[in-house]
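# Close look at the chain arrangement
One-letter residues, chain by chain:
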Amino acid sequence: QVQLVESGGGLVQPGGSLRLSCAASGSSFSRYDMDWYRQAPGKEREFVARSNRFRWTNYADSVKERFTISRDNAKNTVYLQMNSLKPEDTAVYYCHTSGIDIGKDYWGQGTQVTVSS
């Protein structure tokens, strides 16, 4: 069983920055692949970023060079640093992992990010 809790969302101006956090339960966090997804109103949920157990990362093309995913295994926490934010980044951001079982999916409750003047 893995529980995920996101925090750090809010309202920010275009060009601004925000850092999201996702705190995870579980005894083997360092082995988890950790992901961020987002979902804007009326759109499908989309992949944003991933950090696997080796800290290899990948990003959606839309956020490359602007967003950075990182993790602190000692704190069971993954972060998403978002810079140069655009209005199209507005969405609910969700933390995701399969834990150590590829057949399972765990999601946080989401945190709202709004980019607007």
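Residues numbered from 1 in each chain as written. Predicted model: local features only at pLDDT ≥ 70, side-chain atom pairs only at ≥ 80, totals over all residues. Heavy atoms only, no water.

## Quick word on the state of the cysteines
Applying the stated criterion across every chain, the model contains one disulfide. Between the sulfur atoms of Cys22 and its disulfide partner Cys95 the distance amounts to 2.1 Å. For the disulfide bridge between Cys22 and Cys95, the dihedral angle about the S-S bond is near -85°, and by the sign convention the bridge is left-handed. Here Cys22 is found in strand β3 (residues 18–24), whereas its partner Cys95 is found in strand β9 (residues 91–97), with 73 residues between them in sequence. Per residue, the accessibility class of Cys22 equals that of Cys95, and both read buried. (Disulfide = S-S within 2.5 Å. Helix = DSSP H or I, 4+ residues; strand = E, 2+ residues; numbered from the N terminus. Buried < 20%, exposed > 50% of the residue type's maximum accessible area, 1.4 Å probe, protein only.)

## A look at the nonpolar core
By size, the foremost hydrophobic cluster in this structure holds 29 residues, and its most contacted members are Trp36, Leu80, Met82 and Tyr93. A total of four residues in this core trace back to one element, the largest contributor, which is β3. (Core = buried A, V, L, I, M, F, W, Y, C linked by side-chain atoms within 4.5 Å.)

## Considering the packing of aromatic side chains
Summed over the entire model, instances satisfying the criterion amount to five aromatic pairs. Between Tyr37 and Trp107, the aromatic rings sit 5.2 Å apart at their centres with planes inclined by 70°, giving edge-to-face as the arrangement. Placement of Tyr37 in strand β4 (residues 34–39) and of Trp107 in strand β10 (residues 106–107) is noted, with a sequence separation of 70 residues between them. For Arg45, the ring lying beneath its charged end belongs to Trp107, and the centroid distance is 4.6 Å. (Phe/Tyr/Trp six-rings, centres within 6.5 Å; stacked < 30°, edge-to-face > 60°. Lys NZ or Arg CZ within 6 Å of the ring centre and 35° of its normal.)

## Some words on the sheet that holds strand β8 (residues 77–82)
Taken together, four strands build an open sheet; the order of strands is β1-β3-β8-β7 and the sheet is antiparallel. In this open sheet, the two strands that pair with only one neighbour each are β1 (4–7) and β7 (67–72). Taken pair by pair, the neighbouring strands of this sheet meet at an average axis angle of 15°, ignoring direction. For β7 and β8, the ladder comprises six bridges, and the chain directions are antiparallel. If you follow Thr68 over to β8, its bridge partner there is Gln81. (Pairing = 2+ DSSP bridges. Axes fitted to C-alpha atoms, helices over the stretch in contact; angles between N-to-C directions.)

## Digging into the side chain of Ser51
In this structure, Ser51 sits in strand β5 (residues 46–51). Given the relative accessible area of 1%, Ser51 is considered buried. Not counting chain neighbours up to four residues away, the residues in contact with Ser51 comprise Tyr32, Asp33, Met34, Trp56, Thr57, Ile69 and Arg71. (Contact = heavy atoms within 4.5 Å.)

## Details of the environment of Gln3
Structurally, Gln3 can be placed in the segment before β1. Apart from residues no more than four positions distant in its own chain, Gln3 is found in contact with Ala23, Ala24 and Ser25.

## With respect to the environment of Tyr32
Topologically, Tyr32 is positioned in the loop between β3 and β4. Spatially, the C-alpha atom of Tyr32 lies 9.9 Å from that of His96, the residues being 64 residues apart in sequence.

## As for unusual backbone geometry
One non-glycine residue, Glu65, lies in positive phi territory at about 75°. By the secondary structure assignment, Glu65 is in the loop between β6 (57–59) and β7. The class of Glu65 is exposed, set by a relative accessible area of 80%. In this model, Ser84 sits at a positive phi of 50°, which is unusual for a non-glycine residue. Overall, Ser84 belongs to the partly exposed group, its relative accessible area being 41%.

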